Amino acid sequence: MQSESFRLTRAAADKYQNNSVPAMFGPLARATLAKIILAPDLDVIDIACGTGALTREIASALPGKGRVVGVDLNATMIDVAREQQPATLHRIEWQACDVCAIPYPDSSFDLAFIQQGLQFFPDKPAALAEIRRVLKPGGWLYLTCWRAISAFNGSLAEALEQHLGPEAAEKARAPFSFRDGALIERLLVEAGFDVAPRDAVILERRFPDLAAQILALPVEADLRAAGDKTTEAVIAEVARKLTPYDRGDEFVMPQEAHLFLAHRKR
C-alpha cells in the first residue's frame, strides 16, 4: 500500500505539470524513448505516470494502433494527465490506483514503464510482483531511477541545511535516495525478471526561472513558513552554487539516471 503522504492536491498536480514536467520529466521521457525501439500495436502501461509526461511520449512513439495505459496513486495527477491527452490512434486509458493493486488482469501488457517511481514505493517487492503479474510472459519492464544526486538538488539541499536545517535538506535529497544499481537489479531478479546489463540516460535540465523550480518542490511549504527573507537567501545561495552552469538567461546542467531493462520470465 502506498503512503498517504504521496497524495497530492490539484494545485500541486498543476504545479508539477507546469514546472517539473518541462524542466525534467518531459526531457527524461524523450531521452529514455530515444534508446528504445517500440514494435507496433503493443499494450503498454506507464506506472506512477504522474501527469502523463512519459505516457504521452509513448503514445507518440508507438507505431500502429496500440493501447497505452497511465496509472498513478494520485487522482489529481490523473485528472491533469487526462486533460493533456494528445490526439492519437491509440487507445489511451487512465487509472488512479495503488501500484500494488493494478486493476488489470494477469498478462495484460507487452511493456511496462516506471519513470522515477520505484524509489517512492513503500513495498518495492510487492510493487514489482504486481507489475510482473500484469505483464505478459516474455514482456519487458523499462525502469529509470536516478543514478546520482543532481547538481541542482545537491545545491538546494546544502542551502536548505544552512538556512532551515537537515529535515528540509532531506526533502531535496529524497528523490535520489534509492540509486544503488546493484540493489535495484537484485530486487528485479528476486521479483522474477531477467535483467539486461543496465544502461544510463543523461538529460539536460534547463532552469530559466530558478526560483519557480525551487518553489515547485515539496520544500515550498518549509520556505513559505520560514518567510520571504529566508526564501530569498536560499534561492540566492543555490544560484551561487550553480554558477558553473549559468548560461546568462538560464541554468543548464546534466542529470543522470539508470535505465534498467527487465524481462519477465515465462
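Per chain, residue numbering runs from 1 following the sequence as it is written. With the structure being a predicted model, the display of local features is reserved for residues of pLDDT at least 70 and the display and counting of side-chain atom pairs for 80 or more, all residues being used for whole-chain, interface and lining totals. As a rule here, side-chain values cover all heavy atoms of the structure and leave hydrogens and water aside.

### Section: the pattern of salt bridges
Part 1 of the reasoning: The term salt bridge refers to a side-chain nitrogen of Lys or Arg lying within 4 Å of a carboxyl oxygen of Asp or Glu. Applying the stated rule across the entire model yields 24 salt bridges.
Part 2 of the reasoning: One salt bridge in this structure joins R147 and E256, with 2.6 Å as the shortest N-O distance. Highlighted residues: R147 in the loop between β5 (135-146) and α5 (151-163) and E256 in strand β8 (residues 251-264), separated in sequence by 109 residues.
Part 3 of the reasoning: Overall, R147 belongs to the partly exposed group, its relative accessible area being 33%.
Part 4 of the reasoning: Look at E256 and you get partly exposed, because its relative accessible area is 31%.
Part 5 of the reasoning: Between R198 and E185 there is a salt bridge, with the nearest N and O atoms lying 3.2 Å from each other. Of this pair, R198 sits in the loop between β6 (193-195) and β7 (199-207) while E185 sits in helix α7 (residues 181-190); the two residues are 13 residues apart in sequence, bridging distant segments of the chain.
Part 6 of the reasoning: Think of it in three bands: with a 1.4 Å probe and only protein chains considered, a residue is buried below 20% of the maximum accessible area for its type, exposed above 50%, and partly exposed in between. The exposure class assigned to R198 is partly exposed, which follows from its relative accessible area of 38%.
Part 7 of the reasoning: A cluster of three or more residues bridged by salt bridges with shared partners is formed by D43, R67, R91, E93, D110 and K136. Helix and strand labels come from DSSP, where a helix needs a run of H or I of at least four residues and a strand needs a run of E of at least two; each type is numbered from the N terminus.

### Points about the packing of aromatic side chains
Part 1 of the reasoning: By convention, a stacked pair of Phe, Tyr or Trp rings (six-membered ring in the case of Trp) has centres within 6.5 Å and planes under 30 degrees apart, an edge-to-face pair has planes over 60 apart, and any other such pair is tilted. All told, the structure shown has five aromatic pairs when counted by the stated rule.
Part 2 of the reasoning: With centroids separated by 5.3 Å and ring planes inclined at 20 degrees, the aromatic side chains of Y16 and F25 adopt a geometry described as stacked.
Part 3 of the reasoning: Between Y104 and F109, the ring centres sit 5.2 Å apart and the planes meet at 70 degrees, which makes this aromatic pair edge-to-face.
Part 4 of the reasoning: For Y104, a relative accessible area of 10% translates into the label buried.
Part 5 of the reasoning: Above the ring of F178, the side-chain terminus of K124 is found at 4.8 Å from the ring centroid. By the criterion adopted, a ring carries a charge over it if an Arg CZ or a Lys NZ lies within 6 Å of its centre and within 35 degrees of its normal.

### Describing the environment of L73
Part 1 of the reasoning: The topology assignment puts L73 in the loop between β2 (67-72) and α3 (75-83).
Part 2 of the reasoning: It is 8.9 Å that separates the C-alpha atoms of L73 and C49, two residues lying 24 residues apart in sequence.

### So, helix α6 (residues 166-173)
Part 1 of the reasoning: Along α6, the residues that are buried comprise A168, A169 and A172. Looking straight down α6, one finds that the buried residues subtend no more than 100 degrees of arc, so they occupy a single side. Seen from the buried face of α6, the exposed residues on the opposite side, beyond 90 degrees, are P166 and E167.
Part 2 of the reasoning: By definition, residues are in contact when any of their heavy atoms lie within 4.5 Å. Structurally, α6 contributes buried residues whose contacts are with α5 and α9 (220-226). The arc refers to the directions leading from the helix axis to the C-beta atoms.

### Details of unusual backbone geometry
Part 1 of the reasoning: Positioned with a positive phi, D41 is a non-glycine residue whose angle comes to about 60 degrees.
Part 2 of the reasoning: Structurally, D41 can be placed in the loop between α1 (10-33) and β1 (43-47).

### Some thoughts on the environment of P254
Part 1 of the reasoning: Locating P254 in the fold gives a position in strand β8.
Part 2 of the reasoning: For P254, the residues in contact, after removing those within four places along its chain, are I202, L203 and Y245.

### What about the packing of α1 against helix α2 (residues 53-61)?
Part 1 of the reasoning: Put simply, α1 and α2 touch, their axes get as near as 8 Å, and they point 40 degrees apart. Regarding the angle of α1 to α2, the classification is oblique. Remark: the crossing between α1 and α2 carries right-handed chirality. Between α1, through Q17, V21, F25, G26, A29, R30 and L33, and α2, the contact on the second element is made entirely by A53, L54, R56, E57 and I58. Every axis in this analysis is a line fitted to C-alpha atoms, fitted for helices over the stretch in contact. Angles between the N-to-C directions lie between 0 and 180 degrees. Orientation categories follow fixed angle ranges, with anything under 35 degrees roughly parallel, anything over 145 roughly antiparallel, 65 to 115 roughly perpendicular, and all other angles oblique. In a left-handed crossing the near helix is turned counterclockwise from the far helix by less than a right angle, and in a right-handed crossing that turn is clockwise.

### A word on the nonpolar core
Grouped burial of nonpolar side chains is what soluble globular proteins tend to show.
Part 1 of the reasoning: Here, the term nonpolar core denotes a set of buried Ala, Val, Leu, Ile, Met, Phe, Trp, Tyr and Cys residues that are joined through side-chain atoms within 4.5 Å. If you look at the biggest cluster of nonpolar residues, it comprises 29 residues, and the most contacted ones within it are I47, L141 and L188.
Part 2 of the reasoning: Among the secondary structure elements, those contributing two or more residues to this core are β1, β2, β4 (109-115), α4 (124-134), β5, α7 and β8.
Part 3 of the reasoning: Listed in part, the 20 residues of the second largest apolar core include A172, I214, L215 and L242.

### Quick word on the side chain of Q255
Part 1 of the reasoning: Looking at where Q255 falls in the secondary structure, it is placed in strand β8.
Part 2 of the reasoning: Under the relative-accessibility criterion, Q255 is labelled buried at 2%.
Part 3 of the reasoning: Definition of a polar contact: a pair of N or O atoms within 3.5 Å, with one able to donate and the other able to accept a hydrogen when the atoms are protein atoms, and with sequence-neighbouring residues admitted only if both atoms are side-chain atoms. At 2.9 Å, the side chain of Q255 forms a polar contact with the side chain of R205.
Part 4 of the reasoning: Beyond its immediate stretch of four places on either side in the chain, Q255 contacts M24, W146, S150, F176, V201, I202, L203 and R205.

### A look at the packing of α1 against α3
Part 1 of the reasoning: Where α1 meets α3, the axes come as close as 8 Å, and the angle between the chain directions of the two elements is 50 degrees. The pairing of α1 with α3 is recorded here as oblique in orientation. Once α1 is placed against α3, the crossing between them reads as right-handed. Seen from α1, the contacting residues are R10, A13, D14, Y16 and Q17; seen from α3, they are T76, M77, D79, V80 and E83.
Part 2 of the reasoning: Within the contact of α1 with α3, the residues separate by chemical class into four nonpolar, two polar and four charged. Put simply, Ala, Val, Leu, Ile, Met, Phe, Trp, Tyr, Cys and Pro go in the nonpolar bin, Asp, Glu, Lys and Arg in the charged bin, and everything else, Gly too, in the polar bin.

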